[in-house]
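Okay, here's what each chain looks like letter by letter:
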Amino acid sequence: MDVAEVSGVPPWVADHLREEGIESLYPPQAEAVEAGVTDGDSLVASIPTASGKTLIAQLAMLSAVERGGKALYIVPLRALASEKREEFSAFEAHGVSIGVSTGNYEDSGEWLSEKDIIVATSEKVDSLVRNGAPWVRDLDCVVSDEVHLVNDPNRGPTLEVTLAKLRRINPNLQVVALSATVGNAETMAEWLDAELIDSTWRPIELKTGVQYGQALHFGDGSQRELRVESNEKPTEAIVRDTLAEEGSTLVFVNSRRNAEGAARRLANTSRKGLDADERERLTELAEEIRGVSDTETSDDLADCVEKGAAFHHAGCSSQHRSIVEDAFRARLIKVVCATPTLAAGVNTPSRRVVVRDWRRYSGEAGGMQPLSVLEVHQMMGRAGRPGRDPYGEALLLANSHDELEELLDRYVWAEPEPVESKLAREPSMRTHLLATIASGFADSRGALLEFLDQTLYATQYRRGPEGSDNLERIVDSTLEYLERNGFVDRDGTIEATNLGHTVSRLYLDPMSAAEIIDGLEAAGAQSPTSMGLYHLVSRTPDMYELYLRSGDREKYTMLAYERESEFLGDMPSEFEEGRFEDWLSALKTARMLEDWASEVDEGEIAERYGVGPGDIRGKVDTAEWLLGAAESLAGELGLDSVRAVAEARKRVQHGVGEELIDLAGVRGVGRKRARRLHDAGIETRSELREADKAVVLAALRGREKTAENVLEAAGHRDPDMDGIEPDPTAISEPDDEREEVTAESARPDQSNLGDF
């Protein structure tokens, strides 16, 4: 189908596509148009990666805008939201406005009402619905990217309930659901009342198989020789062979440690495939990576990148991951070793994909478990980029002939497992039932069951009496919990209490809210310490605690008894094995937050707790959100701890002691610059506003542009640094010569009433 034949879209679309090099639609895209995707009809598109899913979404959204409507594009990850924002920004030249919303769960996003296309994560959309964003009722088209993630036990229920609510708000809503790996696409189409496009067509060939011995054994029965030298591992041989064809390799492994170790080894192979220009560009890129954070992870990643390799996992900072993804897409980095998080939607295609580890540790199973077919196929789909690669190859690795046969049977020839709703899990049900009641979707038990009838869970499980009974049983027990904790009232009708509305608006798991409320009430009139508050939020279900490593139990048991008076709530007995272990894990997490808020160096924190910069940032962001929620709950209940909670939140937000909170809040300052300014005698935002520019320049290490930006943000009347020389008397000693800061050494200067 020629692009000019597509009806329903704005007149400029055909010329725009031709400028992008698209003269005609791929077969699945043409099928989608024929199925009515540009006429407002709902569609489930189950087609391989690189087969044009995004263009199907764009045609649907642009046709909705052409009809005078508004479109929403739901993504699973913040990183993917940024990627799609950049991709869709090309439409702005034609008068189509784009908005992105991913943070602040209390924001109603009213500014988005002016946007034609909105990109947001499923959690953000859910919070917008809870907070009554008025423009949600104006939606004509919703695209759900990577819809197979409804199968995820943690995030899936949010996507499922959000789609059900949007369809309830807008009965004529067009839903376009996209995925490369849905084993039961017919069920998904039935749930969404949608047409189904189920295709295996790809613009370039994808061959999947297994490496064993000296050959690649493909699923179609063909073989290809690939020599593994005596000094090589199979993955090294595959990377070497791919580089010989000027291709890139994406290697999936099962842990962060394995990702880093594999990248270090493969860097010795990738560096042999670099030319002089690439070496120079990679050296510059490595310096940029080292500048992101002062951690061992940053240095290790930079060392690999200099040789054309990289690792990618959740312990890396978001900046690290973004740099690696961009350089890999540009084929500057030749090989990336990643945990499966990279398979979750971010656009990182390569010539070859190697699934090195097909087993992963499972805490529930207590050992190594095979990956699902769906997950492995998602990884394999990253192989091959149209217009760049002549083909794509995806390979698993076998150590024996029996394993070769097993991998062909288990993954290469197998269909993905059916996507299954996880809504009936207790944490999901209590969160979403409260939100459903608080946002006015249901005011009785019958109305709740009627709403839940619109979910995937109902489509899959509620047809027989057993499924119906199970759902009603879960609803009844959840309502009882919500009523017992004061979140809902049941007196003929079901209504959210003021507290229940607050909990829903804050996007909290009700169990987290109950834990926080109990802890704050236990403090009574005594002002809680920062450690007590960090520990309180760390033991909620919304915080993923740090694991206890070997030797940690004894260390944190001693610390628990030393700091017992600060805990908000009774510490469990050591004989309550499970509860005590959880208490110590929360204490370890709280201790890390305390170090961060006491200005301990980021690299030292990473080493001390065995985490990466991404983990630190993730824990800090979660703690800031939970402490903000605790502040709102304390205010709602009229508790005396509001001020202490606010201070703990600001300290963890900026990673500073109490005396630096004001300074660190100035845009562009941050924890290290705040300390330097304070040491130079500038202690508050108002003092910075009136400060001697020579002193500021000295404190900021002579960086003129940085000093100008900081002074402008503070409201200085003349931030221009032209002709200004740093005041030598204001320069403090270098950071690495300062006495190391620890939580203990900082605490006497940061005392509050709760310490006495």
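About the cut-offs
Residues numbered from 1 in each chain as written. Predicted model: local features only at pLDDT ≥ 70, side-chain atom pairs only at ≥ 80, totals over all residues. Heavy atoms only, no water. Helix = DSSP H or I, 4+ residues; strand = E, 2+ residues; numbered from the N terminus. Buried < 20%, exposed > 50% of the residue type's maximum accessible area, 1.4 Å probe, protein only. 1 Å grid on protein atoms, 1.4 Å probe; cavity = no way out; pocket = protein on both sides within 12 Å on 5 of 7 lines; lining within 4 Å. Points joined across faces, edges and corners; volume = space filled by probe spheres on them. Nonpolar A, V, L, I, M, F, W, Y, C, P; charged D, E, K, R; others polar. Pairing = 2+ DSSP bridges. Axes fitted to C-alpha atoms, helices over the stretch in contact; angles between N-to-C directions. Salt bridge = Lys/Arg side-chain N within 4 Å of Asp/Glu carboxyl O.

Enquirer: Report on unusual backbone geometry, specifying residues and quantitative values.
Expert: Non-glycine residue glutamate 146 carries a positive phi angle of around 55°. Following the sequence through the fold, glutamate 146 ends up in the loop between strand S5 (139–144) and helix H6 (156–169). Judged by relative accessible area, which is 7%, glutamate 146 ranks as buried. Positive phi outside glycine occurs at glutamate 599, with the angle close to 70°. Relative to the assigned elements, glutamate 599 resides in the loop between helix H23 (577–597) and helix H24 (602–609).

Enquirer: Tell me about empty space enclosed by the protein, residues and numbers included.
Expert: If a probe as big as a water molecule is rolled over the atoms, it shows which places are left empty. Taken as a whole and judged by the stated rule, the model has two cavities of 30 Å³ or more. Lining the second largest cavity are Val13, His16, Leu17, Leu55, Gln58, Leu59, Leu62 and Phe91. The element that contributes the greatest number of residues to the lining of the second largest cavity is helix H3 (residues 53–66), accounting for four residues. Its residues assigned to classes, the lining of the second largest cavity shows six nonpolar, two polar and no charged.

Enquirer: Give a detailed account of the sheet that holds strand S6 (residues 174–179), specifying residues and quantitative values.
Expert: The sheet built from seven strands is open, its strands ordered S3-S4-S2-S5-S6-S1-S7 with parallel pairing. For this open sheet the edge positions go to strand S3 (98–101) and strand S7 (195–198), each flanked by a neighbour on one side alone. Each neighbouring strand pair of the sheet contributes to a mean axis angle of 15°, computed without reference to strand direction.

Enquirer: Can you explain the layout of surface pockets? Please cite residues and give values.
Expert: Considering only enclosed or pocket space, the second largest pocket measures out at about 760 Å³ in volume. Lining the second largest pocket are 31 residues, with Pro48, Ala180, Thr200, His377 and Glu415 sitting closest to its centre. When contributions to the lining of the second largest pocket are tallied by element, the ones reaching two or more residues are helix H7 (185–191), strand S8 (206–212), helix H13 (373–380) and helix H14 (401–412).

Enquirer: Account for the pattern of salt bridges, with residues named and values stated.
Expert: This structure, assessed with the given rule, holds 54 salt bridges. Taking the shortest distance from any N to any O, the salt bridge between arginine 227 and glutamate 225 comes out at 3.3 Å. Classification of glutamate 225 by relative accessible area gives exposed; the value is 55%. For the salt bridge of arginine 563 with glutamate 594, the shortest nitrogen-to-oxygen distance reads 2.8 Å. Residue arginine 563 is located in the loop between helix H22 (552–562) and H23, and its partner glutamate 594 is located in helix H23; the two are separated by 31 residues in the primary sequence. Of the residues examined, glutamate 594 reaches a relative accessible area of 7% and is grouped as buried.

Enquirer: Requested: an account of the environment of leucine 479, with residues and values cited.
Expert: In this structure, leucine 479 sits in helix H18 (residues 465–484). In this structure leucine 479 comes out as buried when scored by relative accessible area, which is 0%. Remark: the alpha-carbon pair of leucine 479 and methionine 429, spanning 50 residues in sequence, is separated by 9.6 Å.

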